[in-house]
Amino acid sequence: MLSRALNGWRAAPACGERRAAAALVWTLTALLALALGLPLLFIFGKSVLDMDGGFVGLTNFAQVLDSPGLMRAARHSLWLALTVTALVLPLAFAFAWGLSRSRVWGRGVFRQIALSPLLAPSLMPAISLVYLFGNQGLLKSWLDGGSVYGFWGVVLGEAFYTFPHALLILLTALSASDARLYEAGRALGAGALRRFLTITLPGARYGLASAGLVVFTLVITDFGVPKVVGGDYNVLAVEAFKQVVGQQHFPRGAVVGLMLLLPAVFSFFIERRMACRQQAALGARAVPFSPGRGPWRDAAAGLLLAMISVPLLALLGVGVVASFIKYWPYDLSLTLAHYQFDSVDGGGWSAYFNSLKLACITAGAGSLLVFAGAYACEKLPAAPLGRALLRFFAMLPMAVPGLVLGLGYVFFFNHPDNPLHGLYGGMTLMAACTIAHFYTTGHLTMSTALKQLDGEFEAVAASLKVPFWVTLRRVTLPVCLPALLDVMRYLFVSAMTTLSALIFIASPDNSLAAVAIVTMDDAGDTTAAAAMATLIALSSAGVSLLLLGLERVLTRRGQGWRGRA
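Please read these numbers as outputs of a predicted model, since none were measured by experiment.

*Asks:* Can you tell me about the layout of surface pockets, naming the residues and giving the values?
*Replies:* If you add up the space inside the second largest pocket, you get close to 480 Å³. What lines the second largest pocket is a set of 19 residues, among which Leu156, Ile308, Pro311, Leu312 and Leu315 lie closest to the centre. A total of seven residues in the lining of the second largest pocket trace back to one element, the largest contributor, which is helix α14 (residues 295-322). Residues belonging to the lining of the second largest pocket are distributed by class as follows: 19 nonpolar, no polar and no charged.

*Asks:* Any chance you could break down the packing of helix α15 (residues 349-379) against helix α23 (residues 513-522) for me, citing the residues and the numbers?
*Replies:* Packing of α15 against α23 brings their axes to within 8 Å, and their N-to-C directions diverge by 150 degrees. When the axes of α15 and α23 are compared, the pair comes out roughly antiparallel. Contacts between α15 and α23 involve Ala351, Tyr352 and Ser355 from the first element and Ala513, Ala514 and Ala516 from the second.

*Asks:* Describe the nonpolar core, naming the residues involved and giving the relevant values.
*Replies:* Residues Leu80, Phe95, Phe163, Tyr409, Met446 and Phe504 are the most contacted members of the largest nonpolar core, which totals 160 residues. Among the elements that take part in this core, helix α4 (residues 68-100) stands out by supplying 14 residues, more than any other. There are two domains that each give this core at least three residues, and those are domain 1 (13-54 + 352-507) and domain 2 (67-284 + 292-317).

*Asks:* Lay out the packing of α4 against helix α5 (residues 107-115) in plain terms, naming residues and giving numbers.
*Replies:* To characterise two packed helices, one gives the angle between the axes of the helices and the distance between these axes. Packing of α4 against α5 brings their axes to within 10 Å, and their N-to-C directions diverge by 155 degrees. When the interaxial angle is binned, α4 and α5 end up roughly antiparallel. Every pair of crossing elements has a handedness; the one defined by α4 and α5 is left-handed. Contacts from Phe95, Gly98 and Leu99 in α4 reach Arg107, Phe110, Arg111 and Ala114 in α5. Grouping the amino acids of the contact of α4 with α5 by side-chain chemistry returns four nonpolar, one polar and two charged.

*Asks:* Help me get a handle on the side chain of threonine 526, residues and values and all.
*Replies:* One can find threonine 526 in helix α24 (residues 526-558). Owing to a relative accessible area of 19%, threonine 526 belongs among the buried residues under this scheme. Setting aside residues up to four positions removed in sequence, threonine 526 forms contacts with Ile127, Tyr131, Met520 and Asp521.

*Asks:* How would you explain helix α22 (residues 481-497) if you had to name every residue and give the values?
*Replies:* The end-to-end C-alpha distance of α22, which contains 17 residues, comes to 25 Å, matching closely the 24 Å that a straight helix rising 1.5 Å per residue would cover. Most of α22 is tucked away, with 13 of its 17 residues classed as buried.

*Asks:* Account for the environment of leucine 429, naming residues and giving values.
*Replies:* Among the structural elements, leucine 429 can be located in helix α18 (residues 427-437). In the structure, leucine 429 is positioned 20 residues away from tyrosine 409 in sequence and 8.7 Å away in space, judged by C-alpha atoms. Among residues more than four places away in sequence, those in contact with leucine 429 are Tyr409, Phe413, Leu423, Tyr424 and Ile505.

*Asks:* Could you give an account of the pairing of strand β2 (residues 331-334), with specific residues and numbers?
*Replies:* Where a strand is regular, its side chains alternate between the two sheet faces. Relative to β2, strand β1 (residues 325-327) runs antiparallel, the two sharing two bridges. Its bridge partner being in β2, isoleucine 325 is matched across the sheet by leucine 334. In textbook terms, the turn of a hairpin is the stretch between consecutive antiparallel strands, and for β1 and β2 this stretch comprises three residues.

Parameters and conventions
- Residues numbered from 1 in each chain as written.
- Predicted model: local features only at pLDDT ≥ 70, side-chain atom pairs only at ≥ 80, totals over all residues.
- Heavy atoms only, no water.
- 1 Å grid on protein atoms, 1.4 Å probe; cavity = no way out; pocket = protein on both sides within 12 Å on 5 of 7 lines; lining within 4 Å.
- Points joined across faces, edges and corners; volume = space filled by probe spheres on them.
- Helix = DSSP H or I, 4+ residues; strand = E, 2+ residues; numbered from the N terminus.
- Nonpolar A, V, L, I, M, F, W, Y, C, P; charged D, E, K, R; others polar.
- Axes fitted to C-alpha atoms, helices over the stretch in contact; angles between N-to-C directions.
- Parallel < 35°, antiparallel > 145°, perpendicular 65-115°, else oblique.
- Contact = heavy atoms within 4.5 Å.
- Core = buried A, V, L, I, M, F, W, Y, C linked by side-chain atoms within 4.5 Å.
- Buried < 20%, exposed > 50% of the residue type's maximum accessible area, 1.4 Å probe, protein only.
- Domains from an automatic or database assignment.
- Left-handed = near helix turned anticlockwise from the far one by under 90°.
- Expected span 1.5 Å × (residues − 1).
- Pairing = 2+ DSSP bridges.

Rendered as structure tokens:
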């Protein structure tokens, strides 16, 4: 009966309900096309035009390829991304192994330490490196006459920035392990090293490849760390900023943006191809792996986790501590003078409150939009073409770096003939750009939660002639509330810390905290920049804890059935 009802629901819902569902699907598709598709098309269009708007074909591409400076920046970006990936991947894998394959005390604390860089902008590690190894750095003597400004400074900053992204992927990969394989290995006489090489590593190869691709793409498109400690080591992301903001050469900036898009798209298709070939690590009869007792293993894991956690804490903590120091490193007395943002460049305290406003708008509107999009894709049978386009646009941000998306917004929304030109530089457009930039992660999170709901809910509702929006309000939304709050927390933190997507469209009247950090650092107010970065990290942590507490309260009140036998 339920099967027939489900087929009826999918085949012939009420006419008004079908129109409402189709309208929702096509409205969401149009919004994502406006926020993603058209800006990206304008980048392609701008790349074949000259400064006066005349068509020049591939002339701009030829000029960029003939430019020694831009080609050197491209080589620098490629070598930098490969180096950071080679450094971060084994460290993140070792950390993930220590968390998931040992019973060491304090694993929860170590996990939070490793994920703490997510709460701070990418500029924070760069500023901390200046305080540690800069011209007046506390550990300047360790460099033996060298300088933190350049290749290795950027490598260290990017390693701190990308480490938690790789760790999250590898933790997921190592958690999907079948204990029966390890028992079989022991029964066959395989030692710990052999089991690691023949079971653990092959089982995590997809996670390793995915983490490597994510780190590579993040590094090659990051703007913050190279801007602060890059020195003479130019990279493509900084060159794109110089071409658009510094020289106002929009066609060449579009070409550089497309160059930044290539590795991201390449990584995306490699990951998709590997995902299609990946086999399930856990079958229906699998036994989840749980580490047994092993004092020597736990001691080694604890030492490993501590050794990696110390530099992570140092790069985050030094920036926080320095913001309260009067004159680093000569006068270490405490002061709040560096938090007087109105006395330095960057927009003052209004920049910080603008970021809070942007993060709240992004978290609120973005989470609702993400939920509606995921619901339309997973639960509504109307408008199959619209749902296919909606899925495409939902996955598109995964392959588009923030810097490239920001360039697209400049070319599209700043065009004088665009009726939406008035939005340029405003809070609404910055919120739309931020939501579009981080849409894919939220969409995948909500889609996973919605897929866990049996289709019989909609089947029963259809058989009782209950409209889909009533089922959505009474059943689907309450059940998916924890995932929705997770998406809200993710969007808030991302909006507070992001820089690359908004550096081009933030106006002086709507300056943001992350952009203000760049301005302060350029003006030599490094301590004020550290103070602003500290505020961003503390605000992100505070709101994350608040939403986590709210999630637990709402789960206890409205989802007590999850804990029932």
